[in-house]
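# A look at the structure
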Amino acid sequence: MASESFAESRDRGCHVIGRAWRGMAAHLSSGRVNLTALREAGRRELREFLDKCAGSKAIVWDEYLTGPFGLIAQYSLLKEHEVEKMFTLKAGRLPPADVKNIIFLVRPRLELMDIIAENVLSEDRVRSPLRDFHILFVPRRSLLCEQRLKDQGVLGSFIHREQYSLDLIPFDGDLLSMESESAFKECYLENDQTSLYQAAKGLMTLQALYGTIPQIFGKGDCARHVANMMIRMKREFPGGQNSIFPIFDTLLLLDRNVDLLSPLATQLTYEGLIDEIYGIQNTYVKLPPEKFAPKKQGEGGKDLPTEPKKLQLNSAEELYAEIRDKNFNAVGSVLSKKAKIISAAFEERHHAKTVGEIKQFVSQLPHMQAARSSLANHTSIAELIKDITTSEDFFDNLTVEQEFMSGIDTDKVNNYTEDCIAQKHPLIKILRLVCLQSVCNSGLKQKVLDHYKREILQTYGYEHILTLNNLEKAGLLKLQTSSRNNYPTIRKTMRLWMDDVNEQNPNDISYVYSGYAPLSVRLAQLLARPGWRSIEEVLKMLPGPHFEERQQLPTGLQKKRQQGENRVTLVFFLGGVTYAEIAALRFLSQMEDGGTEYVIATTKLINGTNWIKSLMEKLEPPPF
Amino acid sequence: MNRMKVDEEEYWHSSKCKAFTFDDDDDELSQLKESKRAVNSLREIVDDDDDLEKFSWSGEPVGSISWSIKETAFSSSNTPEGRDSGLQKGSSSHPALPKQASSYSISSFFKGRNKLGSFQSLSDALSDTGVKSYAPELRRPKADYKDYSSDWSPKDTVRRMQRGKICSLERFRSLREKLELLDEAVSVHDGNVITAILIFLKRTLKREILFQELEVRQVALRHLIHFLKETGEQKLFLDLLRFLDRTEEVALSQYREHLSIQDAEKRREFLKGCIRLPFSSEDAVHVQDHYTLLERQIIIEANDRHLEAAGQSEIFRKYPRKASILNMPLVTTLFYSCFYHYTEGEGTFSSPTNLKKTFKIPDKQYVLTALAARAKLRAWHDVDALFTTKNWLGYTKKRAPIGFHRVVEILQRNSAPVQVLQEYVRLVEDVETRLNLAMKYKCHDVVVDTYRDLKDRHQLMAYRCKVERGSAEEDKIDSILSNLQIRWKN
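- Looking at an unreviewed UniProt entry, one finds chain B named Spermatogenesis-defective protein 39 homolog and attributed to Gopherus evgoodei.

- In the annotation of an unreviewed UniProt entry, the entry for chain A reads Vacuolar protein sorting-associated protein 33A, and the organism field reads Gopherus evgoodei.
- Its UniProt record gives chain A the following Sequence similarities (unreviewed entry) comment, quoted word for word: "Belongs to the STXBP/unc-18/SEC1 family."

Set out below in structure tokens:
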């Protein structure tokens, strides 16, 4: 294993040089639970597979996977294991590459199998030397896909067909995601439990690394399924009786359909707004380049860059960690304070007189430069966002959302929504508003629902009947069946709407939506204190069962809590979680007398727009 | 200087949202500005761009996976070989691998196959574990293989399949055994295994029996439905839904197919067939409308394409069509017809009034669309007519189902001249809105008249400073201010 130790030493080398890739994982160990171990496990498994295919190799990537994989490994790791070329999976023939192995790294999807088959079949048997094919399914091998490969006549061409169970990917020190984009649709529209199985698998891996979680709570049908699977898996693999001291005290499994409201509302935290406006993918965001143009002296006339500026956003960046979860209105003051501190630090150079002082100043310079460029970036981003949040339309939209959430006029056709339709605003925006109204009214009256539907179909096209049907199936849009609207009761009991919200120095989670406290996070909060027994009535109004399970620990591993030591709860959102909800949980973690710290896991990081989009029928004609 | 300051303040203060303002009481509006200034001044001190981490402009850290794909792929696609292989794609000069005959049983895909392409029997595989296709199993203990030939219970089989191991399902012959196998798979919740077993059942059971058994096994049923959808086995899928009496789903699923039909005529035919499908009553109306609309569009399209090509019609010459009207939404079609066919009588298919009637387009929707279309053509007379109603005595009156402030907005967006705009600003009922709009769009006359009617001398005097010196407006204000008959309130 000489090559592996070489890789390790290279890794350390990079770390010394700067924030190179190994260093990029440092933020994973900053939280209460050291998630670096999970990342390491993922890297180990990848190395093992690569070493199995002896000799030089090329990887053909399912493009969707490159983002999530980037959080586990960089190219350097692959290179250490003789990966010489990388391509994205495309129809037609594979580009030439003088390698011994071709590895397809793909999600188990039928359409990808067809492309792979085409690649393999058009391989030039005469001219190029024989190459070995392998396929690595992420996260699960699929018999269905292998069947398709067989139908295409290529299954036998693969020497290694394996799976790489990249179930939960560490995104930050307290955040894990499966990045399964269709999980919500599969669970709530198609009733396909594959992603739940994957979630349970991921939880088993976590328990293998961080100990058995003694207490499991849950709310919702999917939560119940996952808990059942976990218990069964544990029973069936008794070898897994692990002797690791448990790090998590509690697991809370939450169905997304218990709280359909939160993702529909516009997130108002800094990170939430970045995601709403520009979309964060695998911790990266692409921004319009204008505000990031390098402004050097004498370069005033230079052309502006036209490619979007791409930035990574995670807690490795000190400033970002400080502002990401704040309400956007509180971001400006932090940035200005930072600016003063940095300016003062740079002023120091005038006072540096002795060689020693100058030396010290210079030694701090790299850190100061990093802080300066971080401040520059976030000032620019904040300006971009501000242009939007101060627009009239953003304000009008927010006003209507807040009216709905506080229970005003949810039972009649809304003027603003109607106007937006008339002006042909993006359909997803309309659907978000209409669904929000429906959720806040426990369904719409027949007349109101029909009116919205007709307007939408006439303005955006009749084919959207299909999308509207999907939304109805998922419960986002529905007819008010009982004459009773439960939402006001839920809102009051759970204190979902807070009139006096402090955005600068919040004292309640409702700051993340400037008034609305996300129902999902309230459930977590109330579970910790005083317990769900206090809200039995409301729990019954929300869909699906609520339950509690205990997993026995060997006596030696039972925890004796130190005085003042916080409990650690893993909250798993089945069907997606928003950045605003994450911010709310982080807020609870940091509360002085909170007593609980949270780690968050999810099937996918979502916002209202990409969530609704995942439920829409794909209307583009198939490409041919 | 002063003015700049005001603008800046407006910029930072302009949010009117109560719950969401940037400034609050806090230490000053331009916090962002401050940090920006600091950042800019610091640029001069430090060398720029020497970030610790190396980023290419696109922001990918150099060495990240997606960056490397671009890099390594680029170097290879640059070779002439790479280029010509693109051209040869799909040519028959390379013998494709022989297609597998479909006679292989399901179990064969659980078996291995060596590299030369010949299938091995299960026993071959057993006697020769050195064959490459078993390499993935190499790190697993040998013991795993020992029970290859023994009879596995459904439970064992499912467990082995879960671990991705080779299993033969053919042994399960009786219905009871097969169902046990399925139930076992369902109880472990592994969708992958459930689907594999369903494929086996689908192949070996009679359709009616399969459907009946699945009806009492909802989880498995949902997996089969998903599977059939994914693989596009539309016929079996629809049969299954019909068997389950899920007629609405059948209808929608069939309707969905129209999306893959490109030819308008064929699509129309197909939609016609959809009308009699068992939709819910609301959806049925929409599907009917969808068909009628496309039918209309086909007629209009043929007609207009001809007109445009002939070059006789002025409107088409002046404003050539940007795209075909086929498959556009109803409101877009209405806009189109208000733009190109506004004056046509109700009798033609392309006339706006005909569309309005056929599709029961609400007044509001109709007026909005017609207004936008006519304003775009700057046909102010039509705009005027749109809001003019006559009562039985012959008096005319202006009326708008959408509120005149909306009318003003739309006209303004289409850059209507002040003379036109002010006529509608004047009709806005709410005094405050009227004043705001009038000032925003510089309709001085309306502002002046409104202040006069309000008998607000102070405001009028203040406004006098805002209009151009020596202009007609100024004269008008002066004459009003000097009018002794007005009883000013201040």
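Still to come is the rest of the account.
## Points about the sheet that holds strand β6 (residues 169-172) of chain A
Residues and elements named next belong to chain A.
- Spatially, the seven strands line up as an open sheet ordered β6-β7-β15-β14-β9-β8-β13, and their pairing is mixed. Strands with a single pairing partner mark the edges of an open sheet, and in this sheet they are β6 and β13 (546-550). Neighbour-to-neighbour, the strand axes of the sheet open up by a mean angle of 20 degrees, direction not taken into account.
- Lying over the sheet, helix α8 (residues 194-210) contacts β7 (175-177), β9 (250-255) and β14 (567-574), oriented at roughly 160 degrees with respect to β14.

## What about the pattern of salt bridges?
Residues and elements named next belong to chain A.
- Counted by the stated rule, this structure contains 63 salt bridges over all chains.
- We note a salt bridge from R256 to E581, for which the minimum N-O separation is 2.8 Å. You can see R256 sitting in the loop between β9 and α10 (261-264) and its partner E581 sitting in helix α23 (residues 579-590), a full 325 residues away along the chain.
- Residue R256 is classed as buried on the basis of its relative accessible area of 1%.
- The residue R324 makes a salt bridge to D325 at a minimum N-O spacing of 3.7 Å.
- Its relative accessible area of 6% is what places R324 among the buried residues.
- Salt bridges sharing partners connect three or more residues here, namely D172, D174, E271, R324, D325 and R586.

## Considerations on the state of the cysteines
- Within the structure shown, the criterion is met by zero disulfides over all chains.
- The thiol of C440 of chain A is unpaired, and the distance to the nearest cysteine sulfur, on C435 of chain A, comes to 11 Å.

## Describing the packing of helix α10 (residues 218-231) of chain B against helix α11 (residues 234-243) of chain B
Residue and element names in this part refer to chain B.
- In contact at an axis separation of 8 Å, α10 and α11 are set at 145 degrees when each is read in the N-to-C sense. As for the relative orientation of α10 and α11, their crossing is left-handed in sense. Between α10 and α11, the residues in contact are L221, L224, I225, L228 and K229 and L236, F237, L240 and L241, respectively.
- Here the residues of the contact of α10 with α11 sort into eight nonpolar, no polar and one charged.

## Observations regarding the confidence of the model for chain B
Residue and element names in this part refer to chain B.
- Here chain B shows a mean pLDDT of 76. Residues at 70 or above account for 70%.
- Here helix α5 (residues 122-127) stands out as the element of chain B with the lowest mean pLDDT, 34, in contrast to helix α13 (residues 264-274), whose mean of 96 is the highest.
- Taken together, the stretch residues 1-29 has pLDDT below 50 and engages in 46 contacts with residues farther than four places along the chain or on a different chain.

## Considerations on the sheet that holds strand β10 (residues 280-281) of chain A
- Spatial ordering of the open sheet is given by β10-β11-β12 (chain A), a layout of three strands whose pairing is antiparallel. The outermost strands of the open sheet, each flanked by one partner alone, are β10 and β12 (309-312) of chain A.

## Remarks on the side chain of H226 of chain B
- If you trace the backbone, H226 of chain B turns up in helix α10.
- Beyond its immediate sequence surroundings of up to four residues, H226 of chain B is in contact with E190 and D192 of chain A.

## Some remarks on helix α20 (residues 404-413) of chain B
- Within the sequence span of α20 of chain B, burial applies to F404, R406, V407, V408, I410 and L411 of chain B.
- Where α20 of chain B is buried, its residues contact α16 (415-422) of chain A together with α18 (363-376), α19 (380-387), β2 (396-398), α21 (418-425) and α22 (431-440) of chain B.

## A closer look at the nonpolar core
- With 241 residues, the main nonpolar core has L78, L253, L523 and F572 of chain A together with F387 and L411 of chain B as its most contacted residues.
- Take this core: its biggest share by element is nine residues, from helix α17 (residues 427-439) of chain A.
- Other than its neighbours up to four places away in sequence, F572 of chain A contacts L168, M178, A199, L203, L251, L252, L253, L254, A601, T602 and T603 of chain A.
- The next biggest cluster of nonpolar side chains, apart from the first, holds 63 residues, and it includes A58 and F133 of chain A together with M161 and A185 of chain B.

## Considerations on unusual backbone geometry
Residue and element names in this part refer to chain A.
- Look at the link from V138 to P139: it is a cis peptide, with omega at 0 degrees.
- As for its placement among the helices and strands, P139 is situated in the loop between β4 (132-137) and α6 (143-151).
- Omega for the bond connecting R529 with P530 falls within 30 degrees of zero, at 5 degrees, which places this linkage in the cis form.
- One can find P530 in the loop between α21 (519-528) and α22 (536-541).
- With phi around 45 degrees, E179 is a residue other than glycine that occupies positive phi space.
- Structurally, E179 is set in the loop between β7 and α7 (183-188).

## What to know about a negative patch on the surface
Residues and elements named next belong to chain A.
- Together, D51, E82, E84 and D98 make up a region of like negative charge exposed at the surface.
- In this fold, E82 is placed in the loop between α4 (75-80) and β2 (83-88).
- By relative accessible area, which is 41% here, E82 ends up partly exposed.

## Quick notes on the pairing of strand β11 (residues 284-287) of chain A
All names here are of chain A.
- As judged from the two bridges shared by β10 and β11, these two strands associate in the antiparallel manner. Bridging from a neighbouring strand, I280 pairs with V285 of β11.
- Linking two consecutive strands that pair antiparallel, namely β10 and β11, is a turn of two residues; a positive phi of about 50 degrees is found at N282 within it.

## Digging into the pairing of strand β3 (residues 101-106) of chain A
- Burial within β3 of chain A is extensive, with six of its six residues counted as buried.
- A two-sided burial pattern is seen for β3 of chain A, the buried positions comprising N101, I103 and L105 of chain A on one face and I102, F104 and V106 of chain A on the other.

## Details of the packing of helix α15 (residues 392-405) of chain A against α17 of chain A
All names here are of chain A.
- α17 packs onto α15 with a crossing angle of 20 degrees between their chain directions and a minimal axis gap of 9 Å. Compared by their axis directions, α15 and α17 come out roughly parallel. Two secondary-structure elements touch here, α15 through D393, N397, V400, E401, F404 and M405 and α17 through K429, L433, L436 and Q437.

## Regarding the packing of aromatic side chains
- Applying the stated rule across the entire model yields 24 aromatic pairs over all chains.
- Ring centres of F184 of chain A and Y188 of chain A lie 4.6 Å apart, and the angle between their planes is 35 degrees; this geometry places the pair in the tilted category. With a gap of four residues between them, F184 of chain A and Y188 of chain A both fall in helix α7, about one helical turn apart.
- Consider the rings of F335 of chain B and F339 of chain B, whose centres lie 6.1 Å apart with planes at 25 degrees: the pair is stacked. With F335 of chain B and F339 of chain B both in helix α16 (residues 330-340) and four residues apart, the pair spans about one turn of that helix.

## What to know about the side chain of E383 of chain A
- Structurally, the position occupied by E383 of chain A is in helix α14 (residues 355-389).
- Relative accessible area serves as the criterion here: at 4%, E383 of chain A is assigned to the buried category.
- If near-sequence neighbours (up to four positions away) are discounted, E383 of chain A is found in contact with K291 of chain A together with L32 and K36 of chain B.

Reading guide: rules and limits
Residues numbered from 1 in each chain as written. Chains lettered and ligands numbered in written order. Predicted model: local features only at pLDDT ≥ 70, side-chain atom pairs only at ≥ 80, totals over all residues. Heavy atoms only, no water. UniProt positions renumbered as here; feature names shortened; annotations may be inferred. Pairing = 2+ DSSP bridges. Helix = DSSP H or I, 4+ residues; strand = E, 2+ residues; numbered from the N terminus. Axes fitted to C-alpha atoms, helices over the stretch in contact; angles between N-to-C directions. Contact = heavy atoms within 4.5 Å. Salt bridge = Lys/Arg side-chain N within 4 Å of Asp/Glu carboxyl O. Buried < 20%, exposed > 50% of the residue type's maximum accessible area, 1.4 Å probe, protein only. Disulfide = S-S within 2.5 Å. Left-handed = near helix turned anticlockwise from the far one by under 90°. Nonpolar A, V, L, I, M, F, W, Y, C, P; charged D, E, K, R; others polar. pLDDT = per-residue confidence, 0-100. Core = buried A, V, L, I, M, F, W, Y, C linked by side-chain atoms within 4.5 Å. Patch = residues over 30% accessible without salt bridge, like charges linked within 9 Å, V, L, I, M, F, W, Y side chains within 5 Å. Areas by Shrake-Rupley, 256 points an atom, 1.4 Å probe, with all protein chains shown as cover. Lys, Arg positive; Asp, Glu negative; His and termini not counted. Charge placed at Lys NZ, Arg CZ, Asp CG, Glu CD. Parallel < 35°, antiparallel > 145°, perpendicular 65-115°, else oblique. Phe/Tyr/Trp six-rings, centres within 6.5 Å; stacked < 30°, edge-to-face > 60°.

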